[in-house]
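So the chains spell out like this:
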Amino acid sequence: MADITVREIIQGKLAIISWHSFAVSNSEGTNSSLVSKEAAADSELLEAIGKCLNKNIRGVKNWRNLAYRLDITSDVYNTFDTSKEVEQGPSPTEMLFKWLERGKPKLTVKDLLNCLREIKRFDVVELVIKEVADEQALRNLQQLRHDTDQAKKDKNVLLADLRKKAAGQGLKIIDNDGLGNCMFSALSHQLKIKKRLEYSEMELRTELARYLKAHSELNDFVDQKEYPTWTDYVDKMASNGHWGDGVTLLAAARHLHCDVRVISNRDYPDVFLKPDSSNCDGEELVQLVLGHIFEDHFVSLEPGRRGFLVTRAAVVPEAFIQQLLEIDLEIIP
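Basis of the calculations
- Residues numbered from 1 in each chain as written.
- Predicted model: local features only at pLDDT ≥ 70, side-chain atom pairs only at ≥ 80, totals over all residues.
- Heavy atoms only, no water.
- Core = buried A, V, L, I, M, F, W, Y, C linked by side-chain atoms within 4.5 Å.
- Buried < 20%, exposed > 50% of the residue type's maximum accessible area, 1.4 Å probe, protein only.
- Helix = DSSP H or I, 4+ residues; strand = E, 2+ residues; numbered from the N terminus.
- Expected span 1.5 Å × (residues − 1).
- Arc of directions from axis to C-beta.
- Contact = heavy atoms within 4.5 Å.
- Polar contact = N/O pair within 3.5 Å; in protein donor to acceptor, adjacent residues only side chain to side chain.
- Phe/Tyr/Trp six-rings, centres within 6.5 Å; stacked < 30°, edge-to-face > 60°.
- Pairing = 2+ DSSP bridges.
- Axes fitted to C-alpha atoms, helices over the stretch in contact; angles between N-to-C directions.
- Parallel < 35°, antiparallel > 145°, perpendicular 65-115°, else oblique.

Per an unreviewed UniProt entry, the recorded name for the protein is OTU domain-containing protein, and the organism is Porites evermanni.

### Observations regarding the nonpolar core
Leu187, Leu212, Leu218, Tyr233, Leu249 and Phe298 are the most contacted members of the largest nonpolar core, which has 35 residues in total. Counting only elements with at least two residues in this core, the list comes to helix 9 (122-146), helix 11 (182-195), helix 12 (201-213), helix 13 (230-237), helix 14 (246-256), strand 3 (259-264), strand 4 (271-273) and strand 5 (287-293). The greatest single-element share of this core, amounting to seven residues, is contributed by helix 14. Counting 29 residues, the second-largest nonpolar core is a separate cluster that includes Leu46, Leu70, Leu116 and Ile119.

### A short note on helix 12
Given 3.6 residues to a turn, an α-helix orients residues that are three or four positions apart in the same direction. An ideal rise of 1.5 Å per residue puts 18 Å on 13 residues; helix 12 measures up with 18 Å between its terminal C-alpha atoms. Within helix 12 the residues assigned to the buried category are Leu204, Arg205, Leu208, Ala209, Tyr211 and Leu212. Projected down its long axis, helix 12 carries its buried residues within an arc of 160°, all on one side. In helix 12, those exposed residues whose orientation departs by more than 90 degrees from the buried face are Arg210 and Lys213. In this structure, the buried side of helix 12 is in contact with helix 11, helix 13 and helix 14.

### Quick word on the side chain of Arg121
Mapped onto the secondary structure, Arg121 falls in the loop between helix 8 (109-118) and helix 9. Given a relative accessible area of 7%, Arg121 falls into the buried group. At 3.3 Å, the side chain of Arg121 and the backbone oxygen of Cys52 are in polar contact. Filtering out sequence-adjacent residues up to four positions away, Arg121 remains in contact with Cys52, Leu53, Val60, Lys61, Asn62 and Leu116.

### What about the environment of Thr206?
Looking at where Thr206 falls in the secondary structure, it is placed in helix 12. Thr206 sits 28 residues away from Val234 along the chain, and the two C-alpha atoms are 9.9 Å apart. Within polar-contact distance, the side chain of Thr206 engages the backbone oxygen of Met202 at 2.9 Å.

### Things to note about the packing of aromatic side chains
What the rule picks out here adds up to two aromatic pairs. Seen from their ring centres, Tyr227 and Tyr233 are 5.0 Å apart, and the 85° between their planes marks the pair as edge-to-face. Grouping residues by exposure puts Tyr227 and Tyr233 together as buried. For the pair Trp230 and Tyr233, a centre-to-centre distance of 5.4 Å together with 25° between the ring planes defines the contact as stacked. Of this pair, Trp230 and Tyr233 are both found in helix 13, three residues apart, which corresponds to roughly one turn of the helix.

### Notes on the sheet that holds strand 4
Read from one edge to the other, the open sheet built from five strands follows the order 2-6-5-3-4, with strand pairing classed as mixed. The strands lining the two open edges of the sheet, one partner per strand, are strand 2 (171-174) and strand 4. Taken pair by pair, the neighbouring strands of this sheet meet at an average axis angle of 35°, ignoring direction. Where helix 11 meets the sheet, its contacts fall on strand 2, strand 5 and strand 6 (297-303), and the angle it forms with strand 6 comes to roughly 15°. The sheet strands contacting helix 14 are strand 3, strand 4, strand 5 and strand 6, and the helix crosses strand 4 at an angle near 50°.

### Observations concerning the packing of helix 12 against helix 14
For the pair helix 12 and helix 14, interaxial distance at closest approach is 10 Å and the crossing angle is 90°. Between helix 12 and helix 14, the angle falls in the class roughly perpendicular. In this structure, helix 12 contributes Leu204, Glu207, Leu208, Tyr211 and Leu212 to the contact, and helix 14 contributes Val247, Thr248, Ala251, Ala252, Arg254, His255 and Leu256.

Right under this line is the structure:
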């Protein structure tokens, strides 16, 4: 599918279909991993899924319906029901996923999402997509950082590669001096043009370090060899001239309530980092767009003369897609 401008989407009769295809394309690209890996025992994702599916609400499908859709027989999934046990143990959903590790070890996240859609639990679909996408995005950013097969290419050539790729999406590069602060400089520029917020590189670094200090759950994403403790990581990110990374970018998305999109000069898919929707209070989110050049240099990308393009990698919440598909819209030429 060719790139489409926002104007063309609004004016065209394929608006709903286009948005739906964007989301499906993105989810299929990031949800091919195994359920046993993404929703392992004691993981935050499994705990969150359990909070949704363990509830017995009239008219709302729960863990039993999911087990049925996963082709688990009733005599098996009835053993997962721990609600009548005196001593509190694993929840029914935890028992279900523990069984899946043994009974369906090759079950993919995509398979799980399809079953959740069939029982119309789009809230859980959106939750899973977001959590898996966050981890996949961070892995992609780590790949951008550690891939060394272009180490001998001149930086100007790499910059030209990104400039060409960005121009194809209606964007132009706003470069910075780098000096270890390039990511914070690029973010500061984006915040200025997108949200009219004025931050110096050091002010933004300090604020994000403060956020990181209060959210140690992000430690699961940190390279433990490079940063043995969470305090080590936070202190380094607070230090002038220390390179920012994907974890701090995720912190920026969550703390600043913005989508963060990273476009690489390499032949990688765009990386999307999303804020925690539960803390956004329905506010309209802006998207901060950064470019990443090999050897850990970040730049800001702003609309050029052609204007910003919506690409097929755009992320749309599953619940929003469902609402669109159920509404009979009248398209006015």
